[in-house]
Amino acid sequence: NRRIVLQARPTGTPVPADFLLQEVPIPRPAEGQLLLKNLYLSLDPYMRGRMNEGPSYAPAVELGAVMVGGTVSEVIESRHPRFKPGDRVVTQGGWQTHTLSDGTGLGLLPADMTHISLALSLLGMPGFTAWYGLLRIGEPRPGDTVVVASATGTVGAVVGQLAKRKGSRAIGIAGGAEKCRIAVEELGFDACIDHRSPDFAGQLAAATPEGIDVYFENVGGAVFDAVLPRLNIGARVPLCGLIAQYNSKGLYPGPDRLPRVMGQLLARRIKIQGFIISDHYADDYANFMREMSPEVAHGHIRVRENVLQGLSQAPQGLIDLLDSRFTGKVVVQLTD
Ligand code: NDP
């Protein structure tokens, strides 16, 4: 079993030496267990948070423990009544080639599913996050202006395309001209603003002449600062992620603006609601799959997929993801 453990806790941006690749014997399943061979590992921004000490909404990865991560995996040995060799599942297999499981939390994939890595993007956790946050919290109406941060990331791409399907105007925010081109030409956003442009706030105002009704927050920081003055009375803000601050070492620079932010939320009756998608599987995952599966099958909703080859690529892959080097979903194909 090849696996990657957390060797050191990063301060700021993670570095390759924070991770350690190990080779250990492949475990054998006991009665009631099964052995999984992991085929694809998902790389996601939340992994940065798990590398920190102390609890967040989920426990930290212990030093020396295998890094957490979603996987698409194949059952290769089973002593479990519900699973047989050849079954493919989506699970939290972690950064390793093989995982022992007691069957808890395994999601069986349809036997005829061909593009199985989609279970880690459009038809999995990030897609569900986009769907839940936009529809259950954002509640977009036809004609609404929906602004989406990190518009070409997996979550943002799905939010934008879903907003269009609901009859809203979708305005993306992304880093750089090329990502903005992809947002408009490939993902169907009505416009996309480059948050690195010196005139970012002015361009956002020009693209949202009637203000913003829904802001899907993935980023925080300077992007939120530009969006806040544009939010309409009664705007909804699904607070999904704050990736701009995941690698930060301390407080946001500058004066404390919280009283002003609170004042604006009050005066314009803005609803801002944080959510963690793992809370919502029992109630809504089946509804999401019912709506999304045909949309994805018909090509109405899509995302770019970056496939890295081999477990050893995972650390640099996560570092690059946090450094905004990818457009779309990042998965590691475990060819080891
Ligand atoms: P993304 O692909 O959106 O994340 C990487 C992208 O974030 C980068 O390519 C970059 O895009 C953007 N980014 C990084 N740093 C900054 C910065 N300083 N300022 C602005 N943009 C930045 O990943 P996902 O689609 O997987 O996730 C999107 C968000 O959703 C994340 O914040 C994640 O933590 C959150 N999330 C939350 C969940 C929940 O349960 N609440 C579940 C899943 C995801 P660009 O180059 O365009 O700036």
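Residues numbered from 1 in each chain as written. Predicted model: local features only at pLDDT ≥ 70, side-chain atom pairs only at ≥ 80, totals over all residues.

Participant: Describe the overall build of the protein chain, and please don't skip the residues or the numbers.
Facilitator: The helix and strand tally for the protein chain stands at nine helices and 15 strands. Referenced to the eigenvectors of the C-alpha coordinate spread, the extents of the protein chain come out at roughly 60 × 45 × 35 Å. For the protein chain, the residues scored as buried account for 39% of the 336 residues in total. When contacts within the protein chain are restricted to residue pairs at least 6 apart in sequence, those whose partners lie at least 24 apart make up 65%. (Helix = DSSP H or I, 4+ residues; strand = E, 2+ residues; numbered from the N terminus. Buried ≥ 20, exposed ≤ 12 C-beta atoms within 10 Å, placed from the backbone. Contact = placed C-beta atoms within 7 Å.)

Participant: Give a detailed account of the pairing of strand β13 (residues 271-274), specifying residues and quantitative values.
Facilitator: Relative to β13, strand β12 (residues 231-239) is paired through four bridges, and the arrangement is parallel. Paired with Val 237 across the two strands is Ile 272, which belongs to β13. In this fold, the crossover linking β12 to β13 by way of helix α7 (residues 258-267) has right-handed handedness. (Pairing = 2+ DSSP bridges. Right-handed = clockwise from strand over helix to strand, strands pointing away.)

Participant: Outline the site of the ligand, supporting the account with residue identities and numerical values.
Facilitator: Taken together, 29 residues form the shell around the ligand, and within it Gly 153, Val 155, Gly 175, Gly 241 and Ala 244 come nearest. At the level of secondary structure, the elements contributing two or more residues to the shell around the ligand comprise α2 (125-138), α3 (154-165) and α6 (221-227). Broken down by element, the shell around the ligand gets its largest block of residues, three residues, from α3. Two domains share the shell around the ligand, each providing at least three of its residues, namely domain 1 (2-120 + 304-333) and domain 2 (125-278). (Near = placed C-beta within 6 Å. Domains from an automatic or database assignment.)

Participant: Which residues make up the packing of α2 against α3, and what values go with them?
Facilitator: Where α2 contacts α3, the axes come no closer than 8 Å and their chain directions differ by 45°. Comparing their axes, α3 and α2 come out oblique. Pair α2 / α3 crosses with right-handed handedness. When α2 is examined against α3, the residues Pro 126, Gly 127, Thr 129, Ala 130, Trp 131 and Leu 134 are found in contact with a partner set consisting of Thr 154, Val 155, Val 158, Val 159, Leu 162 and Ala 163. (Axes fitted to C-alpha atoms, helices over the stretch in contact; angles between N-to-C directions. Parallel < 35°, antiparallel > 145°, perpendicular 65-115°, else oblique. Left-handed = near helix turned anticlockwise from the far one by under 90°.)

Participant: Kindly report on the domain arrangement of the protein chain, identifying the contributing residues and their values.
Facilitator: It is common to report an interface's size as the accessible area lost on association of the parts. The domain boundaries assigned to the protein chain delineate domain 1 (2-120 + 304-333) and domain 2 (125-278). One C-alpha centre belongs to domain 1, the other to domain 2; they are set 29 Å apart. Its residues assigned to classes, the side of domain 1 that touches domain 2 comprises three nonpolar, eight polar and two charged. (Nonpolar A, V, L, I, M, F, W, Y, C, P; charged D, E, K, R; others polar.)

Participant: Before we move on, can you summarise the confidence of the model for the protein chain with the specific residues and values?
Facilitator: Taken over all residues, the pLDDT of the protein chain has a mean of 96, while the share at 70 or more is 100%. Here the complex is predicted with pTM 0.96, and the ipTM for its interfaces comes to 0.98. (pLDDT = per-residue confidence, 0-100.)

Participant: Give me the lowdown on α2, citing residues and values where you can.
Facilitator: An α-helix turns once per 3.6 residues; consequently, residues spaced three or four apart project the same way. Over its 14 residues, α2 extends 18 Å from the first C-alpha to the last, a length consistent with the 20 Å expected when each residue adds 1.5 Å. Burial analysis of α2 places 11 of its 14 residues in the buried class, which makes it a mostly covered element. Buried residues along α2 sit in contact with β8 (145-148), α3, β11 (212-216), β12 and α8 (281-297). (Expected span 1.5 Å × (residues − 1).)

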